[in-house]
Amino acid sequence: MEESFDHAHVVTSSDSATSTQNEMTAQIEALHRAYREGVAAGARVEDKPRIDFAPYRSSVLRHPTKDLRHADPETIELTSPAFGTRDVHPLEADLTIQHGGEPIGERMIVTGRVVDGSGRPLAGQLVEIWQANASGRYVHKRDQHPAPLDPNFSGVGRCLTDADGNYSFTTIRPGPYPWKNHHNAWRPAHIHFSLFGTAFTQRLVTQMYFPGDPLFPLDPIYQAIVDEDARRRLVATYDHDVTRHEWCTGYRWDIVLSGRGRTLFENDLGADHDDDHENGDHR
Ligand SMILES: [Fe+2]
């Protein structure tokens, strides 16, 4: 999980925070314009984040420069992590009851359905989340954002999908928070998600965002996904049917996993594997 913790991505060079937001936004827009022109000219639609997206400063030095080492699926996990009903307690899906009192902030339910590339529900899937509190502060020693910690909120939860692939968390809406990518850099509010597909090797980590966030166009991490449709698939929708009378607001975010697992079962790690990898993101 620490790999995905944004503050672990902080650039430490002395000039890392000297770029202005305007410079950063101009770089983002130029890269997006080049992408759109490329697609219009026949280039492939990209639905994954670029691993070396220059405005996301630390990605320039941090991204892999060689092809990933392809492991033989016969020698490693082929089957999904299996959790029984006693391994993950239903109360672990409620992030608002982990301490002695109520956490501060907007109480909300985040729910959705996990399905494979064919639209079939994935039951019994472990879904893990972690997030900042309402003030935009993580319980983490590297998070030095001078916003208050909440003694009643740790910001971590997990659940198993039900028979129809549904997950549901009760939590507090996270706040935006600053990071050191450039001067006055702020992350849009988000919740980190981890899911396993049909094997340990398919663990997917992503972020869910909230509709209408004014920080979207300014955020190099969100904008590292250059395709607009792919970005939109990371944004939850407000759902008044999920909202509960005099209790909390509700958001819905469905997650679509590819059918990559079936390909692995067929021991096909050639071109099709690469294709599946391209599609193996969240929606
Ligand atoms: Fe984060």
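Along each chain, residue indices are assigned from 1 in the same order as the chain's sequence is written. Under the rules for a predicted model, residues below a pLDDT of 70 receive no local features and side-chain atom pairs below 80 are neither given nor counted, while totals for whole chains, interfaces and linings still include all residues.

**Q** Hey, could you run me through the overall build of the protein chain in this one?
**A** What counts as a helix is a DSSP run of H or I of at least four residues, what counts as a strand is a run of E of at least two, and both are numbered from the N terminus. Scanning the protein chain from N- to C-terminus turns up six helices and 11 strands. Exposed residues have 12 or fewer other C-beta atoms within 10 Å of their own C-beta, buried residues have 20 or more, and partly exposed residues fall in between, where C-beta atoms are placed from the backbone. A buried classification covers 30% of the 283 residues belonging to the protein chain. A sequence separation of at least 24 residues applies to 72% of the contacts in the protein chain between residues at least 6 apart. Whether two residues are in contact is decided by their C-beta atoms, placed from the backbone, lying within 7 Å.

**Q** Help me out: how do you make sense of the sheet that holds strand β3 (residues 156–160) in this one?
**A** Here we have four strands laid out as an open sheet, ordered β3-β2-β7-β8, and antiparallel in their pairing. Looking along the sheet, the strands with just one partner apiece sit at the ends: β3 and β8 (204–209). With strand direction ignored, the average angle separating the axes of adjacent strands in the sheet is 25 degrees. Here the rule is simple: two strands pair whenever DSSP picks up at least two bridges between them. For strand β2 (residues 126–131) and strand β7 (residues 190–195), the ladder comprises five bridges, and the chain directions are antiparallel. What sits directly across from Gln 131, in β7, is Ile 191. Lines fitted to the C-alpha atoms define the axes, with helices restricted to the stretch that makes contact. Angles between their N-to-C directions range from 0 to 180 degrees.

**Q** Explanation requested: the nonpolar core in the structure shown.
**A** Nonpolar side chains in soluble globular proteins tend to end up buried together. Core analysis: the largest hydrophobic core is formed by 37 residues, its most contacted members being Val 110, Val 114, Val 127, Phe 169, Leu 195, Met 208 and Ala 236. Apart from residues no more than four positions distant in its own chain, Val 114 is found in contact with Leu 122, Gln 125, Val 127, Thr 161, Gly 165, Tyr 167, Leu 195, Ile 255 and Leu 257. As used throughout, a nonpolar core is a set of buried Ala, Val, Leu, Ile, Met, Phe, Trp, Tyr and Cys residues joined through C-beta atoms within 7 Å of each other. In this structure, Ala 132, Tyr 138, Trp 179 and Ala 185 belong to the second largest nonpolar core, which totals five residues.

**Q** What exactly am I supposed to notice about the confidence of the model for the protein chain here?
**A** Predicted coordinates in regions of low pLDDT should not be interpreted in detail. On average, residues of the protein chain score 83 in pLDDT, and 80% of them are at 70 or above. What pLDDT reports is the predictor's confidence in each residue, on a scale of 0 through 100. Across residues 1–15 the pLDDT falls below 50, and counting only partners more than four positions away or on other chains, this stretch makes 21 contacts in the model. Below pLDDT 50 for its whole length, residues 259–283 participates in 34 contacts with residues either more than four positions away or in separate chains.

**Q** For this particular structure, what's the right way to read the environment of Ala 134?
**A** By secondary structure assignment, the location of Ala 134 is in the loop between β2 and β3. Taking the C-alpha atoms as reference, Ala 134 lies 8.6 Å from Pro 103; in sequence the two are 31 residues apart. Setting aside residues no more than four positions away along its own chain, Ala 134 makes contact with Ile 104, Gly 105, Glu 106, Asp 150, Ile 172, Arg 173, Pro 174 and Gly 175.

**Q** I keep staring at the environment of His 89 and nothing clicks. Help me out?
**A** Looking at the element boundaries, His 89 is found in the loop between α2 (57–62) and β1 (107–115). For His 89 and Leu 160, which are 71 residues apart along the polypeptide, the C-alpha to C-alpha distance reads 9.0 Å.

**Q** When you look at helix α1 (residues 21–40) in this model, what are you seeing that I'm missing?
**A** An α-helical turn contains 3.6 residues, so a residue and the one three or four places further along point in the same direction. Under the 1.5 Å per step criterion, the end-to-end length of α1 is 28 Å for 20 residues, consistent within 8% with the ideal 28 Å. Of the residues trailing α1, Gly 42 is marked for its positive phi of about 110 degrees. Between the first and last residue of a helix there are one fewer steps than residues, each counted as 1.5 Å, and that sum is the expected span.

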